[in-house]
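# Reading the structure
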Amino acid sequence: MPNLVDELKTAGVAANTISRLKSASYTTCETIVLVSPKQLAEDCNLSLEVAEKVRLQARKLAEKTGFVNKEGITALDLLKRKVTRFTIGCEGIDRLLGGGVRTGVITEFAGEFRTGKTNLSSQASVTAQLPIEKGGLGAGAVYIDTEGSFRAERVKGIAERFGLNPTEALKNILYFEVFNTRDQIDTVKRLFRIVPDQNVRLVVLDSMIQHFRAEYPGRENLATRQQRLNLHLQDVKRLMRGFDCAFIMTNQVQAQPDGLPFKEPTKPTGGNILFHASDYRVMLKKGKGDARIARILDAPDLDSNIEVAFRITEQGVEDVSAEDEKPSAEQVESAQAV
Ligand SMILES: Nc1ncnc2c1ncn2[C@@H]1O[C@H](COP(=O)(O)OP(=O)(O)OP(=O)(O)O)[C@@H](O)[C@H]1O
Ligand SMILES: [Mg+2]
């Protein structure tokens, strides 16, 4: 359970300071611990001295719940720490991700248009709601849409497939359409209040970079764009770490400039900043027929040699079984006839 900032009152932090913390999206002691005193002072308009004191008190409270460990922990304890994952409702993608979408980290789905990024994100916002015993997180989701491509009617069908009440599933997804980077940044800041209040454990951002690319075009704006994107990603990381929430973002791809033969023809956009922020980077491609292929492009602890196939249907994202890949009786017959 997170320690709410109001608890800092008992540690002698002034009410005025607490309200400044809250309005700058520092709603819990855990989210304070994750930034430097300097950052805290800047964000909340506090003196460095006050920020240092606040952070120290926040840390003491966060130590009580084991969020931070002053004395360190053994590697064995670290190993025993429970990693939470939830199913995306497609066995192949779950396997690729080492058993499902992890909380506390960023999972990125990158790919060309129509490779299934929005479908996978929409399905995740339903499967996250499944009870824990069915592989879900038993919690709500937030969907931040930069492209207006989220379809509520699609959620209905997906919910039915997973045995959830469609109306309840729709109610448990809080949807934000954002029109520019300002909206996007402010929405993530607002989530520091919404996530704990509404029991949200998954945040989707579809797509992360689109508005940044549109608002900061060309080489001349690249440095400013990346700086702004970096600050935004720091907020995202703090949100996930602070609330142990899963975060799925989608990303477009761009051509690889040097075109070396062993290189992929495309790579995810966003440069080094996004590359470093993304913990699990999944590349999606179009496969044979209506199949789509997913592969790990970058992950600290996952096998990048596996590729899995999936398909987008009326019911959402489904596995392509070996049975599906076999030619049909008619196909065999016509091949034999040739
Ligand atoms: N009800 C449905 N039944 C079958 N296929 C569907 C259905 N709805 C959407 N699709 C397929 O999903 C694909 C689009 O997938 P999706 O929107 O997830 O792609 P995307 O990677 O998000 O693309 P973009 O880059 O344009 O945002 C299309 O090829 C479409 O045919
Ligand atoms: Mg999309």
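Residues numbered from 1 in each chain as written. Chains lettered and ligands numbered in written order. Predicted model: local features only at pLDDT ≥ 70, side-chain atom pairs only at ≥ 80, totals over all residues. Heavy atoms only, no water.

## Details of the sheet that holds strand β6 (residues 200–206)
Pairing is mixed across the open sheet formed by nine strands, whose spatial order is β5-β4-β6-β7-β3-β10-β11-β12-β13. Every other strand in the sheet has two partners, leaving β5 (173–177) and β13 (316–319) as the edge strands with one partner each. Within the sheet, the average angular offset between the axes of one strand and its neighbour, ignoring direction, is 25°. Set on the sheet, helix α8 (residues 152–161) makes contact with β5, β12 (307–313) and β13; between it and β13 the angle comes to about 40°. Each of β3 (106–111), β6 and β7 (246–251) touches helix α12 (residues 222–243); the most contacted strand, β3, lies at about 130° to it. (Pairing = 2+ DSSP bridges. Helix = DSSP H or I, 4+ residues; strand = E, 2+ residues; numbered from the N terminus. Axes fitted to C-alpha atoms, helices over the stretch in contact; angles between N-to-C directions. Contact = heavy atoms within 4.5 Å.)

## Let's talk about the pattern of salt bridges
Note that side chains of opposite charge can pair when their charged atoms are close. Applying the stated rule across the entire model yields 15 salt bridges. When the shortest N-O distance is used, the salt bridge between Glu91 and Arg95 registers 3.4 Å. In this pair, Glu91 and Arg95 both sit in helix α6 (residues 91–96), four residues apart, roughly one turn of the helix. Overall, the relative accessible area of 47% leaves Glu91 in the partly exposed class. Residue Asp244 is joined to Arg201 by a salt bridge in which the shortest nitrogen-to-oxygen separation is 3.2 Å. Of this pair, Asp244 sits in the loop between α12 and β7 while Arg201 sits in strand β6, and the two are 43 residues apart along the sequence. Salt bridges sharing partners connect three or more residues here, namely Lys189, Asp235 and Arg238. (Salt bridge = Lys/Arg side-chain N within 4 Å of Asp/Glu carboxyl O. Buried < 20%, exposed > 50% of the residue type's maximum accessible area, 1.4 Å probe, protein only.)

## Comments concerning the layout of surface pockets
Of the volumes computed, that of the largest pocket is approximately 1400 Å³. Taken together, 41 residues line the largest pocket, and the ones lying closest to its centre are Phe67, Arg241, Gly242, Phe243 and Asp244. Put simply, the parts of the chain that give the lining of the largest pocket at least two residues each are α1 (15–23), α10 (181–197), β6 and α12. When residues of the lining of the largest pocket are assigned to their parent elements, the largest contribution, eight residues, is made by α10. Looking at the lining of the largest pocket residue by residue, the class counts come to 15 nonpolar, ten polar and 16 charged. Among the domains, domain 1 (5–64) and domain 2 (85–323) are the pair contributing at least three residues each to the lining of the largest pocket. In this structure, the second largest pocket occupies an estimated 510 Å³ of space. (1 Å grid on protein atoms, 1.4 Å probe; cavity = no way out; pocket = protein on both sides within 12 Å on 5 of 7 lines; lining within 4 Å. Points joined across faces, edges and corners; volume = space filled by probe spheres on them. Nonpolar A, V, L, I, M, F, W, Y, C, P; charged D, E, K, R; others polar. Domains from an automatic or database assignment.)

## Describing the domain arrangement of the protein chain
What the domain assignment lists for the protein chain is domain 1 (5–64) and domain 2 (85–323). Taking only C-alpha atoms, the centre of domain 1 and the centre of domain 2 are 31 Å apart. Taken together, the nine residues of domain 1 in the interface contact eight residues of domain 2. Buried area between domain 1 and domain 2, summed over both chains or domains, comes out near 730 Å², and the portion from carbon and sulfur atoms is 64%. For domain 1, the biggest contributors to the area lost against domain 2 are Ser25, Thr31 and Leu34; these three give 56% of the whole. Taken together, the links from domain 1 to domain 2 amount to zero salt bridges. Tallied by class, the residues present in the side of domain 1 that touches domain 2 amount to three nonpolar, five polar and one charged. (Buried area = accessible area lost by both parts, 1.4 Å probe.)

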